[in-house]
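# Survey of secondary and tertiary structure
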Amino acid sequence: MGVVALVLAQLWNLVFPINKNLWTSSFVLQTGGCSLLLLSAFYYVIDVLGYRRWAFFFAVIGMNSILIYLSEGFIDWYFTAEALFKWLMQLFSEPYAAVVLALMVLLVKWGFLYFMYLKKVFLRV
């Protein structure tokens, strides 16, 4: 179905251009097709072939994805990461320091989620 959605998106693109800002139907078909292909690839690698160890990083995020999404409203992750890793960002020049900061924010968030994972605290809706 992913390939079908991608083909339909490209055909529909001839009449109704793919436009992310407007969320056109051709854009929805394009992103939906990519998502279905990625879902099927990950299902095959993780569940069918059984290669699970590499996906632990993502499993920790997925177990509390709602919590980390909602935490943006009351935790300033950038401030925390900058306070902890300002020394690391000073080692890099300007364009790379922003990338390092983004990676450190991800690391801090993942550390928080890993702590919640170890304590077996999961937010469910």
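Here, the structure is the one placed above.
Note that this is a predicted model, so its numbers are computed, not measured. (Residues numbered from 1 in each chain as written. Predicted model: local features only at pLDDT ≥ 70, side-chain atom pairs only at ≥ 80, totals over all residues. Heavy atoms only, no water.)

Turning our eyes to something else, we now look at the nonpolar core. Ala81 and Met104 are the most contacted members of the largest nonpolar core, which totals 15 residues. Contributions of two or more residues to this core are made by helix H5 (77–89) and helix H6 (94–118). At eight residues, the largest contribution of residues to this core is made by H6. (Core = buried A, V, L, I, M, F, W, Y, C linked by side-chain atoms within 4.5 Å. Buried < 20%, exposed > 50% of the residue type's maximum accessible area, 1.4 Å probe, protein only. Helix = DSSP H or I, 4+ residues; strand = E, 2+ residues; numbered from the N terminus.)

Scanning all chains against the criterion turns up three salt bridges. The residue Arg52 makes a salt bridge to Asp47 at a minimum N-O spacing of 3.9 Å. Of the residues examined, Asp47 reaches a relative accessible area of 43% and is grouped as partly exposed. Ionic pairing is found between Glu82 and Lys86, a salt bridge with its closest N-O pair at 3.9 Å. In this pair, Glu82 and Lys86 both sit in helix H5, four residues apart, roughly one turn of the helix. On the basis of relative accessible area, Lys86 is assigned to the partly exposed category, the value being 43%. (Salt bridge = Lys/Arg side-chain N within 4 Å of Asp/Glu carboxyl O.)

For helix H2 (residues 25–48), built from 24 residues, the straight-helix expectation of 34 Å at 1.5 Å per residue is met to within 8% by its first-to-last C-alpha distance of 32 Å. Among the residues making up H2, those that are buried are Ser26, Phe27, Gly33 and Ile46. Looking at the buried positions of H2, the neighbouring elements they touch are helix H1 (2–13). Note on H2: the residue one or two positions beyond its end, Gly50, has a positive phi of about 85°. (Expected span 1.5 Å × (residues − 1). Contact = heavy atoms within 4.5 Å.)

Remember that the coordinates give geometry; whether it matters functionally is a separate question.
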